[in-house]
Amino acid sequence: MKKLIAVTIFLSFAAAGVTYAGTRVEIKDSEQAAAEADMHRRYDHPKTEVVPNDQLEVVVTRDVIMHSCCMPPSLVVGGKITNISGKPIDYVHLHFAFEDKNGKILHGESLYNHHAESLSDDPYIQKILNEKPHFDPILPGKSDTFGFSVSCTELPVFSKIELFSNDIKQ
């Protein structure tokens, strides 16, 4: 009986050896691992999650951390909004909520769609541009874009970004 058990164990190890003979384990040197960790830390971030809206289709087309030699890194989010309602939309006020892992909002940013960007101008800018706030309505089925950039030095450590588009003027 002991011989049978010993032979069985021997054959099991032999079969396992043949099975795992082609397996390769890549061992990274510490410099490569440190470089990959640095790249992850510098360029990776929680991606923007769009909160659904029954009047708009919002698609994020760009969500990156941009680096430059002359300024701090910036989070850049851009996208497209499409009017899926039956009525024209005058403008969309988009809100970004930066949240911690428990869902608590730590920071907020907002902007208007590109055809209504002048709505966010303060009175001084309006005077310089000699322009009153205006917007071009988004007709049913038509689209507009939006773009957002904020310095990463102004942002707290966050676990989630939500994009709300429920502030619509029709």
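Residues numbered from 1 in each chain as written. Predicted model: local features only at pLDDT ≥ 70, side-chain atom pairs only at ≥ 80, totals over all residues. Heavy atoms only, no water.

**Focus: the side chain of D100**
Line of reasoning, step 1. The residue D100 is located in the loop between strand 4 (91–99) and strand 5 (105–112) in this model.
Line of reasoning, step 2. Here D100 occupies a buried position and makes no salt bridge, while the nearest side chain of opposite charge, K104, is found at 5.7 Å.
Line of reasoning, step 3. In terms of polar contacts, D100 uses its side chain to reach the backbone amide nitrogen of K104, at 2.9 Å.
Line of reasoning, step 4. If we ignore the near neighbours within four places in the chain, the residues touching D100 are L106 and S159. (Helix = DSSP H or I, 4+ residues; strand = E, 2+ residues; numbered from the N terminus. Buried < 20%, exposed > 50% of the residue type's maximum accessible area, 1.4 Å probe, protein only. Lys, Arg positive; Asp, Glu negative; His and termini not counted. Salt bridge = Lys/Arg side-chain N within 4 Å of Asp/Glu carboxyl O. Polar contact = N/O pair within 3.5 Å; in protein donor to acceptor, adjacent residues only side chain to side chain. Contact = heavy atoms within 4.5 Å.)

**Topic: the side chain of N113**
Line of reasoning, step 1. With respect to the helices, strands and loops of the structure, N113 is situated in the loop between strand 5 and helix 3 (123–129).
Line of reasoning, step 2. A polar atom in the side chain of N113 sits 2.9 Å from the backbone nitrogen of V92.
Line of reasoning, step 3. A polar contact is formed between the side chain of N113 and the side chain of D144, at a distance of 2.7 Å.
Line of reasoning, step 4. Setting aside anything within four residues of it in sequence, one finds N113 in contact with I81, Y91, V92, I138, D144, T145 and F146.

**A closer look at the pairing of strand 5**
Side chains on a regular strand alternate between the two faces of the sheet.
Line of reasoning, step 1. As paired strands, strand 4 and strand 5 are joined by seven bridges and run antiparallel to one another. Looking at the pairing, A97 lines up with G108 of strand 5.
Line of reasoning, step 2. In this structure, the hairpin formed by strand 4 and strand 5 is closed by a connection of five residues, where G103 is found at a positive phi of approximately 90 degrees. (Pairing = 2+ DSSP bridges.)

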